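So you can see what is in the structure, the chains are spelled out below.
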Amino acid sequence: MIVLTNIELTVLMSAVLAALMVGSVHLRVNLWLYGATTILIAIATGLTAYPNEEPSLLLIALLIAGLKSIAIPLFLAWTMDRIHVHRDLGALVAPPIAMHSSILLLGLSFLLTQGLPTPSGTGAGWYGASAGISLVLTGLLLMLTRRLAISQIIGFLVIENGIYVFALTQTRGMPLIIEMGILLDVLVGVMLAGLLTFKIQETFEHIDIAKLTDLKD
Amino acid sequence: MITELIHWLFFLLSVLLAPIVILGTIRKTKARLQARRGAPILQAAFDLIRLAQKGETVSSTASWIFRAASTIGLCNVLLISWLVPWLSFAPWAPPADLFLVVYLFAMSRIFTLLAALDTGSAFGAFGASREATLSLLVEPAALLGLVALGATSRTSDLREIFSFTNTHLQMNPAIWLLVGTAIILSSLVELSRMPIDDPTTHLELTMVHEAMILEASGRNLAIIEFTHALRMSVLFGLSVQCFMRAAPAVWKLPEIIQAMITIIGLLTIAMAVGVFESLAVKLQWRRIPEFIAYAITMSLLAALIAVAGGIV
């Protein structure tokens, strides 16, 4: 019987939500689930603040909730409306199968992390690490099995979340300035990628990355 | 002896009443959300009585299977309702292996399919074909979820898994919630309810269950309708049992309060289904695997938890 702390529970739930994201082809549902995933990660960050005595983590939690889980999905939803793209039919693997494999990857990362040395004294050890690795793998799967540029951005964001969760659960929290720098990078990255998507749509009249290698005359 | 009698009494009462009340509640909720007054809750019972009094037409090409199938289906579901712990109170019953129960469900489905094919009507055939496809997709979800429960509680007897004296699963809310969700999602498919099939239309493009029973009439139809409703109450009841066991406090409550929670839970699920059916749009036939995939995912997660040894 495994007993989880609140932090471990929230990050594992965010990993499960990210896995559910792979199963839906509606980009809007994906964005909603991404928002929910990130809110859970923000809550986990807030919960980490108390045992580690790092009040600055509370500020970071607020920033994550505001920027990553509200501003970025809204921006991407706005981009989707502008270029009239709402559904990604997927490539290579059908979305349901991809979702099942991401659940299996969750189990795999659970097995993998049992062999990892875990630093003592942090809020969440093994299970936090397995949630982080699972988020990275899920994001990778999302990027591999989707065709549209918007989905690539979402997959990238999930990977970023995974790396953040891994760092959060394995350390005593990073300095505020680094966290804010990363957040800014992510925001700018998504902005640029969104604008690029918009430009790709304007030039090629589609955002299907499978067809981007075709020459345009 | 007396408690056993009371159990039998309440059990028979719920087998008779639960299907009608649950069907009535779903219809009432839908009517209310469409700003209609709706039929009385017991309308399903009046419908059954009306059907039973009507004459019956049987196609001249139909064999004995056509009329026997509905009776076999009813007996099958009555047996299932006796074996499966879908109420928190139940009379004595022999041990019910979970594989037995899953394949009893499959058996009643087979006879529905045979009856649909028997008359040789095109509607029956495509209804049967669709139903066979759906059952193929939904079976792993239900089976995997129940096996996950069984593996955690070290038994494959469904009664033992759901008994309140079995402490393996007492402090294990996650697995109960996941299996409950998996059962409710797969029962929506199994019972051909809203996102899969609209039970109120007879449009040939969409119907699954209705297409199969199109040839049935009179008493035969009454039996089929009641069987379907009873199957619905058993499946919804099973998911209610899963959900209520997720709260560790429920395990120690006296039996009468558990029974009340069961009844309230059944009505809540019926209302939730009604609300969902008013809001949801019927899925395209090709997109149905995506819906079922979520049920399988819930079961997979439950199986992962079972492998990990249970998570609090």
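Residues numbered from 1 in each chain as written. Chains lettered and ligands numbered in written order. Predicted model: local features only at pLDDT ≥ 70, side-chain atom pairs only at ≥ 80, totals over all residues. Heavy atoms only, no water.

A closer look at the overall build of chain B
We count it as follows: Helical segments are the DSSP runs of H or I of at least four residues, strand segments are the runs of E of at least two, and each set is numbered from the N terminus. What the globule rule says is 2.2 Å times the number of residues to the power 0.38, and the radius of gyration is computed from C-alpha atoms. For every residue, the accessible area (1.4 Å probe, protein chains only) is compared with the maximum for its type, and the residue is labelled buried under 20%, exposed over 50%, or partly exposed between those bounds. The contact rule is simple, with two residues in contact once any of their heavy atoms fall within 4.5 Å. All tallies of charge rest on Lys and Arg as positive and Asp and Glu as negative; His and the ends of each chain are not included. For charged residues, the charge sits on one atom: NZ in Lys, CZ in Arg, CG in Asp, CD in Glu.
Scanning chain B from terminus to terminus reveals 11 helices and zero strands. Reading chain B from its N terminus to its C terminus gives the helix and strand order α-α-α-α-α-α-α-α-α-α-α. Computed over its C-alpha atoms, the radius of gyration of chain B comes to 19 Å, within 12% of the 20 Å expected for a compact globule of 312 residues. Overall size of chain B, expressed as C-alpha extent along the three principal axes, is 55 × 45 × 45 Å. Per-residue burial for chain B yields a buried fraction of 54% across its 312 residues. Taking the contacts inside chain B whose residues are at least 6 apart along the sequence as the reference set, 79% of them involve residues at least 24 apart. Across chain B, the mean location of the 21 positive side-chain charges is 8 Å away from that of the 19 negative side-chain charges.

Observations concerning the packing of helix 5 (residues 122-153) of chain B against helix 7 (residues 173-190) of chain B
Residue and element names in this part refer to chain B. Keep this limit in mind: Whenever a helix is involved, its axis is fitted only over the stretch in contact; in every case the axis is a line through C-alpha atoms, and angles between N-to-C directions fall within 0 to 180 degrees. Angular relationships are summarised with four words: roughly parallel below 35 degrees, roughly antiparallel beyond 145, roughly perpendicular across 65 to 115, and oblique for the angles in between. Two helices that cross are described as forming a left-handed crossing if the nearer one is turned anticlockwise from the farther one by less than a right angle, and a right-handed crossing if clockwise. Ten residues, namely Ala, Val, Leu, Ile, Met, Phe, Trp, Tyr, Cys and Pro, are considered nonpolar, four, namely Asp, Glu, Lys and Arg, are considered charged, and the remaining ones, Gly among them, are considered polar.
At their nearest, the axes of helix 5 and helix 7 sit 9 Å apart, and the two run at 160° to each other. With respect to each other, helix 5 and helix 7 are oriented roughly antiparallel. In the packing of helix 5 onto helix 7, the handedness of the crossing is left-handed. Contacts from Glu-131, Leu-134, Val-138, Ala-141, Ala-142, Gly-145, Leu-146, Ala-148, Leu-149 and Thr-152 in helix 5 reach Ile-175, Trp-176, Val-179, Ile-183, Ser-186, Val-189 and Glu-190 in helix 7. Tallied by class, the residues present in the contact of helix 5 with helix 7 amount to 12 nonpolar, three polar and two charged.

A closer look at the pattern of salt bridges
Heads up, the condition is: A pairing counts as a salt bridge when a side-chain nitrogen of Lys or Arg comes within 4 Å of a carboxyl oxygen of Asp or Glu.
A full pass over the atoms with the stated rule returns nine salt bridges over all chains. Residues Asp-81 of chain A and Arg-28 of chain A are paired through a salt bridge, measuring 3.0 Å at the closest nitrogen-oxygen approach. Note that Asp-81 of chain A is positioned in helix 3 (residues 56-83) and Arg-28 of chain A in helix 2 (residues 27-52), a separation of 53 residues in sequence. Under the relative-accessibility criterion, Arg-28 of chain A is labelled partly exposed at 37%. Ionic pairing is found between Arg-193 of chain B and Glu-277 of chain B, a salt bridge with its closest N-O pair at 2.6 Å. Of the two residues, Arg-193 of chain B sits in the loop between helix 7 and helix 8 (209-212) while Glu-277 of chain B sits in helix 10 (residues 255-279), which places them 84 residues apart along the sequence. Here Arg-193 of chain B matches Glu-277 of chain B in class, with each residue buried. If you follow the salt bridges from partner to partner, you end up with Lys-30, Arg-193 and Glu-277 of chain B in one network.

Quick look at the interface of chain B and chain A
Note the following rule: The term buried area refers to how much accessible surface (probe radius 1.4 Å) is lost by two components on association, counted for both of them together. Under the rule applied, a polar contact is a pair of N or O atoms within 3.5 Å (in protein, one hydrogen donor and one hydrogen acceptor; residues adjacent in sequence only if both atoms are side-chain atoms).
Listed per partner, the contact involves 19 residues of chain B and 18 residues of chain A. Contact between chain B and chain A buries roughly 1600 Å² in total, counting both sides, with carbon and sulfur atoms accounting for 73%. At the boundary of chain B with chain A, the tally comes to zero salt bridges. For the interface between chain B and chain A, the tally reads three residue pairs in polar contact (both at pLDDT 80 or more). Within the side of chain B that touches chain A, the residues separate by chemical class into 12 nonpolar, five polar and two charged.

Section: the confidence of the model for chain B
In regions of low pLDDT, the predicted coordinates are not meant to be interpreted in detail. Test applied: How sure the predictor is of each residue is captured by pLDDT, a score from 0 to 100.
Overall, the prediction assigns chain B a mean pLDDT of 90, with 99% of residues at 70 or greater. Here the prediction assigns the complex a pTM of 0.89, and the interface score ipTM is 0.82.

A short note on the nonpolar core
A general feature of soluble globular proteins is that nonpolar side chains tend to end up buried together. We count it as follows: We define a nonpolar core as any set of buried Ala, Val, Leu, Ile, Met, Phe, Trp, Tyr and Cys residues linked to one another through side-chain atoms lying within 4.5 Å.
Ranked by size, the top nonpolar core spans 146 residues in total, and within it Leu-76 of chain A together with Leu-149, Ile-175, Trp-176 and Phe-236 of chain B carry the most contacts. Considering every element that reaches this core, the biggest residue donor is helix 9 (residues 218-245) of chain B, with 14 residues.

Focus: helix 7 of chain B
Residues and elements named next belong to chain B. Rules: Each helix should span, by expectation, one fewer than its residue count multiplied by 1.5 Å.
Taking 1.5 Å per residue as the helical rise, helix 7 with its 18 residues ought to reach 26 Å, and the 25 Å between its terminal C-alpha atoms agrees with that figure. The element helix 7 is extensively covered by neighbouring structure, given that 14 of its 18 residues are classed as buried. After helix 7 finishes, the residue Ser-192 shows a positive phi value of roughly 45°.

Brief notes about the packing of aromatic side chains
Heads up, the condition is: Any two of the Phe, Tyr and Trp rings considered here, Trp counted by its six-membered ring, make a pair once their centres fall within 6.5 Å; the pair's planes then place it as stacked at under 30 degrees, edge-to-face at over 60, or tilted in between. Here, a charge over a ring is recorded when the distance from Lys NZ or Arg CZ to the ring centre is within 6 Å and its angle to the ring normal is within 35 degrees.
Scanning the model with the defined rule gives 10 aromatic pairs over all chains in all. Ring centres of Trp-82 of chain B and Trp-92 of chain B lie 6.5 Å apart, and the angle between their planes is 65°; this geometry places the pair in the edge-to-face category. Taken together, the residues span a long stretch of sequence, with Trp-82 of chain B in helix 3 (residues 64-83) and Trp-92 of chain B in the loop between helix 3 and helix 4 (98-118) at a distance of 10 residues. For Trp-92 of chain B, a relative accessible area of 56% corresponds to the exposed category. Through a chain of ring-to-ring contacts, the aromatic side chains of Trp-8, Phe-11, Trp-82 and Trp-92 of chain B assemble into a single cluster. The ring of Tyr-164 of chain A has Lys-68 of chain A sitting right over it, with the charged end atom 5.3 Å from the ring centre.

Side note on the environment of Arg-28 of chain A
Taking the C-alpha atoms as reference points, Arg-28 of chain A and Met-80 of chain A, separated by 52 residues in sequence, lie 8.7 Å from one another. The residues contacting Arg-28 of chain A, other than those within four sequence positions of it, are Ala-77, Met-80, Asp-81 and His-86 of chain A.

A few points about the side chain of Glu-277 of chain B
Residue and element names in this part refer to chain B. Residue Glu-277 is classed as buried on the basis of its relative accessible area of 5%. Reaching out from Glu-277, the side chain makes a polar contact with the side chain of Lys-30 at a distance of 2.9 Å. Separated by 3.4 Å, the side chain of Glu-277 and the backbone nitrogen of Met-194 make a polar contact.

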